[in-house]
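# Chain and residue survey
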Amino acid sequence: MSTTTETETPLTRQDFVTPGDVRWCPGCGDYAILNALQRTFPELGVPRENFVVVSGIGCSSRFPYYMNTYGFHTIHGRGPAVATGVKVANPELSVWLITGDGDGLSIGGNHLLHILRRNVNVNILLFNNRIYGLTKGQYSPTSPVGTRTKSTPMGSVDNPINPLLFALGAEATFIARTYDTNVKHMAEVFKAAHEHQGVSFVEILQNCVIFNDKTWDPVYGKQNRDDELLFLEEGQPLLCGKDKDHGIRLNGLNPEKAKIGAGGADMSEILVHDSRHPGTLYTQMLAQMSHPEFPTPIGILRQIQRPCYDEAVSEQIKVARTKHGNGTLKELLYTEDCWEVAEGEFDS
Amino acid sequence: MSGPRLVRLSEHIVEIVSDAGEGAQKAAVSFAQVCAKAGNGLWTVEIIPSEIQPPPHTTGSASGNRIRLAENPVTNVGNLANVVFAFNEMALLSRFEAGTVASDALILIDDQWAEHDIEAYRQSYRRVLNDVRNKGCRVMEIPLEKETLRHVDNPQRGKNMFALGLLCALYNKDLEIAKGVIANVFKKKSQEVIDTAIKLCVAGYQWGLDNFETSYEVPAVPTDAAKVAMNGNTALALGAIAAGFDLCSMYPITPATSASHVLSDMFEDFGGFVHQAEDEIAAIGVALGASWAGKTALTITSGPGMALKTEFQGLAVMTETPLVIVDVQRGGPSTGLPTKIEQGDLLHALYGAPGDAPKVVMAASTIEECYYILSVARRIAEQFRMLVIVLSDANLATGQQLFDRPDVSHTPRRAPLDLSPVPAGTLPYDWDPVTGLSHRLIPGQPGGMGVITSLNHDRNGKACYDSERNQRAHKMRSRKLAALQKSLQPPEIHGDPDGDLLMVGWGSTRGAIEEAVDMARKQGVKVSSINIQFLSPLPPGLKEIFSRFKKVMTVELNYSDDWGDPLITEESRRYGQLAWVLRATTLMDIDCYAKVPGRPYMPIEIRDEILRNVETPSEKVPAESHAKA
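Report follows, based on the coordinates. The structure displayed is predicted, hence computed values, not measured ones.

A few words on the overall build of chain B. For chain B, the helix and strand inventory stands at 20 helices and 22 strands. In summary, chain B has a C-alpha radius of gyration of 27 Å against a globular reference of 25 Å for 629 residues, a match within 12%. For chain B, the proportion of contacts with a sequence separation of at least 24, taken over those separated by at least 6, is 76%. Counting every atom, chain B has about 24200 Å² of accessible surface; 50% of that belongs to carbon and sulfur. For chain B, the separation between the mean place of its 62 positive charges and that of its 75 negative charges on side chains is 3 Å.

Shown next, in the form of structure tokens:
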């Protein structure tokens, strides 16, 4: 078992590795995500006992078992509620919520919406493999129209939800996307999510090797990724293509992928990435850019500052106590709602 | 000028009703305070319309209070009303429709409708008054509007204070007490408002002295004992603070919401917080998460909310996370009767969560208990790492009762949790094999890192699926109830320890049951009663107590099939919920009196049921209840 954290000894990845087997299917994308988070945690300057990993139900939600911290494997879709309670109870804790496309956007959609709009200072990692894995392969709310599964043998007919647009609709203050085959990028995004004061929403494109293998290959497969991924870098133009010879410019209110140079776009037309723009239109444009029409944006789409719920709660309590002084039961028993019969004072 | 003739009574019930917004509530609450300060025993119940702004001058708009005042302490709403003071005839009619007014009641009613401009009002006024006179009621038409207009321009603002004065005259109350109460009720208003209110009250009092032929004297002994009066939801809220809770997570639901409103008003001064969640599920989820992370948390709800919380209840049980749920019961199933009382959630509280989910279930039987019960619930939740469900109901929630002022000399606010390191290797479930108890680890505590899970698990908290460890974990969780049961006392018996009939109640029916037992005992019936506070685990000694009576039956405000219906047989009859539980646990043939009138039982109804179930010593006493049940 683990030993007590000693502040002098720097934490390493190994401190966050649990003894015993990891039980995802061989080849599952979750292994790489686990690896990335175990690499990130030692670098955050947080005592190990102050990490809390909360999850719902699903393959992704097995995550807490494999992080050697405090963990809570809760019930389907309800992780955001538990994580909110944890963070409000003790804002010192670094709270990580692990969810999936089914857990977070289907059964738990309501809770995800509200943790985002409240801006609870929790880091949310949504593993999006566009399938229900643990129940053995039903289409999920992010599956494209026409997905054939056991529950949709003729193909699904309902429009999928875009996780980034969902987060933006709730005006999440930090929205990012990364993918499971890029440990370095994941670790960078996780670190930024931790540093962000407020809710951080990270969509991780993840492969389910059993029920939806290669679902993201058209986006990040080895043969496609140079053309299909658009890495967002702060203050840098939105360039894509193997030779970075294409860029994104506006045509009216719509984005347009254009070749740069003679007969194409001038460099000055190419949009420059600004994740700190307070408006939502630019983020929305990025969130809606998708394969095959557009390259898929990867990185931090949006990071803005807004007061956090957990801090606001602590602050309100502080204000109340400054204004009214610490409450006493004696005062309560003299409020208008409960009138005393006999006059006289408390002895205390 | 000799004034009204004085009639002495040991108790009386008066209902004061108006259109919503006309101030009958304030008149009634003020009058109740006058009675209490004079030294009367007291129970008040709100009469609430189910819509926020119902159309005026309809039965659905009636709003006000029922006040039972007595020489001695009062434990329940009482029987049929002796006096109804109505601001219009539809409000009056609503009380007769509720079936809670005596056929010989005194009716006081504003006479403005007799000659109102609107023909329909004049007609309905005459019709309703004729009807109640025909029932046997005495009707006294009061120039409420006209007299009020002599003192203020807008009678809507002031009628109720004239009414207060009138009631003080009717019940021979000291006008000086009334003036003090008015000054307190309007203490946030200007002196002018207070002066006007007092002027109207004095005018009403004088009108009463000049016009009432008789007035009532319910003896009251001024007492030195410090007493407070509050409704059950306020008592729950203050009790939550007294118990040291840090967080109340809720979603608005009738009739539970006002408890969290009271909390919201003052909780932050104590370092607490009310979290309004996005739904009932999240409300318990936030409470559970906060509790795991070291706060003392509760969630307050009512039946439909309980249904939504069941999966999280299972999680609290499975992970042994301390948690308190308050269920202020209302009529069900589904949306049912949102503002009315029912004790319909007992079986749901006990067995609602899927799988075997042992938990503690307690019920408050008085408003005073609403104040204290959360301290007990919290202590059990933490010491046993258990889910504790506290059942209250709409009757307790909105009724007001006098009780001894709680001793607050030792404010039991809890010190911050101890997060000091635990030895490396400390397990999240170091179950004691005898009691099932284990130590709680809290995030932030060095050395205690580990996962807790909704899956079956072993002592180390890790998921496991084998039969042996599944059986063991169930056993450990279950043993905690048995261990708690060892510390409980058998219930006290109201009446003799043996006899012909034992009435068994739980929750807010206690006062009415005990009063009914007292009435029947005066008629020579060998009947006693008990109230069961712990529904899970049940207190010890029940079987032994039951065996000393020829017949045992529960009294509950929930549904049971009637005997005597040709379709209903011994095999098919569905019993009241406590009866189910007691029949199963004692293997005794326990009957029930269980109905869903949507209002509290009157003692006379229970008394009549007692008489139906025993050989009456002298003659068969006919049922005299007028109530529609």
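On we go.
A few words on the pattern of salt bridges. All names here are of chain B. Counted under the stated rule, the structure contains 38 salt bridges over all chains. A salt bridge links glutamate 147 to arginine 150, with the nearest nitrogen and oxygen atoms 3.4 Å apart. By relative accessible area, which is 15% here, glutamate 147 ends up buried. Overall, the relative accessible area of 63% leaves arginine 150 in the exposed class. As a salt-bridge pair, glutamate 176 and lysine 179 come within 3.2 Å of each other at their nearest N and O atoms. Residue glutamate 176 and its partner lysine 179 are both found in helix H6 (residues 175–185); the two are separated by 3 residues, about one turn of the helix.

Turning our attention to the sheet that holds strand S9 (residues 246–251) of chain A. Taken in spatial order, the 3 strands of this open sheet run S8-S9-S10 (chain A), and their pairing is antiparallel. Two strands in the sheet have a free side with no partner beyond their single neighbour: strand S8 (239–240) and strand S10 (254–259) of chain A.

Residues and elements named next belong to chain B. On the secondary structure map, asparagine 231 appears in strand S9 (residues 227–231). Linking asparagine 231 and glutamine 383, residues 152 residues apart in sequence, is a C-alpha distance of 29 Å. Apart from the residues lying within four places of it in its own chain, the contact partners of asparagine 231 are Glu46, Ile367, Leu396, Ala397, Thr398, Gly399 and Gln400. In terms of polar contacts, asparagine 231 uses its side chain to reach the backbone amide nitrogen of asparagine 233, at 3.0 Å.

All names here are of chain B. Strand order in the open sheet formed by 7 strands is S11-S10-S12-S13-S15-S14-S20, and the pairing between neighbours is mixed. Single-partner strands in this sheet number two, and they are strand S11 (273–276) and strand S20 (534–536). Averaged over neighbouring strand pairs, the angle between their axes works out to 25° when direction is ignored. As paired strands, strand S13 (residues 323–329) and strand S15 (residues 387–393) are joined by 7 bridges and run parallel to one another.

Thresholds applied
Residues numbered from 1 in each chain as written. Chains lettered and ligands numbered in written order. Predicted model: local features only at pLDDT ≥ 70, side-chain atom pairs only at ≥ 80, totals over all residues. Heavy atoms only, no water. Helix = DSSP H or I, 4+ residues; strand = E, 2+ residues; numbered from the N terminus. Rg over C-alpha atoms; globule rule 2.2 N^0.38 Å. Contact = heavy atoms within 4.5 Å. Areas by Shrake-Rupley, 256 points an atom, 1.4 Å probe, with all protein chains shown as cover. Lys, Arg positive; Asp, Glu negative; His and termini not counted. Charge placed at Lys NZ, Arg CZ, Asp CG, Glu CD. Salt bridge = Lys/Arg side-chain N within 4 Å of Asp/Glu carboxyl O. Buried < 20%, exposed > 50% of the residue type's maximum accessible area, 1.4 Å probe, protein only. Pairing = 2+ DSSP bridges. Polar contact = N/O pair within 3.5 Å; in protein donor to acceptor, adjacent residues only side chain to side chain. Axes fitted to C-alpha atoms, helices over the stretch in contact; angles between N-to-C directions.

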